[in-house]
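Descriptive structure summary
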Amino acid sequence: MTEIEAIRERHSVRNYIDKPIEADKIEALNEMIAACNKEGNVHFQLCVDAGDTYTKLMNKFMGLGSAPSVIACVGPDDETLDERIGYYGERIVLFAQTLGLNTCWAGTFNRKKMPAVVGEGERIVISIAIGYGVNNGKERKSKTVEQVSSAKATRPAWFEEGVKAALLAPTAINQQKFEIVLKEDDTVEFIDKGGVMSKVDIGIVKYHFEVGAAMIEGH
């Protein structure tokens, strides 16, 4: 499965079966996490046993109390952390999809009971539930290409494909509060329109856009 195929097939999954992730997949995930940590100056951690991360009442209601494992999204705290967490976290999420695993970005969790290491000067931003879902989730409503993008010149194919991939990006409460602008010099600007976890969302959107745009040869 390619990354663009993973983007098209992946949906948020909140309910999981009681099945542990196999050792070979844990190893592959840890290798990907290590690569992202090094490249993005972040500190993602796969906690194979989610423990009491998702035992709060709201998460039980949402189904996440059943998630067997969790990826803690941690990193050195600065103004760019949330966006970097979104960008590299989505890279990990899509990789998990290629392994046949399901995931859910979750902003509500028990921070004190998550079995992760948060070092001095670090902050935990969000969590990613991971495991085998009861199902593969479902498609959600989406805005249109025209609603989330604009261009001051001709819209090339790579830009269109990038925006289409960006529209498949998971965003907090499905808010899709972003705009992608193609400038006259062919540079792309991502505008954060605010909202819950919007900086994390922008990072996720950027990664999706890059994967979509890369489908066009020569870009």
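See the structure shown above.
Treat the numbers as computed from the prediction; the structure is a model and nothing was measured. (Residues numbered from 1 in each chain as written. Predicted model: local features only at pLDDT ≥ 70, side-chain atom pairs only at ≥ 80, totals over all residues. Heavy atoms only, no water.)

It is worth spelling out the layout of surface pockets at this point. Each pocket or cavity is described by its volume, and for the largest pocket that value is around 920 Å³. Together, 33 residues line the largest pocket, and S12, R14, R140, P170 and T171 are the ones closest to its centre. Listed by contribution, the elements that provide at least two residues to the lining of the largest pocket are α1 (3-9), β3 (102-106) and α7 (198-213). The class makeup of the residues in the lining of the largest pocket is 16 nonpolar, 10 polar and seven charged. (1 Å grid on protein atoms, 1.4 Å probe; cavity = no way out; pocket = protein on both sides within 12 Å on 5 of 7 lines; lining within 4 Å. Points joined across faces, edges and corners; volume = space filled by probe spheres on them. Helix = DSSP H or I, 4+ residues; strand = E, 2+ residues; numbered from the N terminus. Nonpolar A, V, L, I, M, F, W, Y, C, P; charged D, E, K, R; others polar.)

One can find N37 in helix α2 (residues 23-40). According to the relative accessible area criterion, N37 is buried, its value standing at 16%. For N37, the side chain forms a polar contact with the main-chain nitrogen of F44, separated by 2.8 Å. Setting aside its immediate chain neighbours within four residues, N37 contacts V42, H43 and F44. (Buried < 20%, exposed > 50% of the residue type's maximum accessible area, 1.4 Å probe, protein only. Polar contact = N/O pair within 3.5 Å; in protein donor to acceptor, adjacent residues only side chain to side chain. Contact = heavy atoms within 4.5 Å.)

Okay, empty space enclosed by the protein next. In this structure the tally under the stated criterion is one cavity of 30 Å³ or more. The volume enclosed by the largest cavity comes to roughly 40 Å³. Along its surface, the largest cavity is lined by T171, Q175, Q176, K177, F178, D192, G194, S198, D201 and I202. At three residues, the largest contribution of residues to the lining of the largest cavity is made by α7. Within the lining of the largest cavity, the residues separate by chemical class into two nonpolar, five polar and three charged.

A few words on the nonpolar core. Residues F44, I85, L101, W105, I130, I180 and F209 are the most contacted members of the largest nonpolar core, which totals 51 residues. Excluding residues that lie within four positions of it along the chain, L101 makes contacts with I21, L29, A96, I130, G131 and Y132. Listed in part, the 16 residues of the second largest apolar core include C47, A50, Y54 and L64. (Core = buried A, V, L, I, M, F, W, Y, C linked by side-chain atoms within 4.5 Å.)

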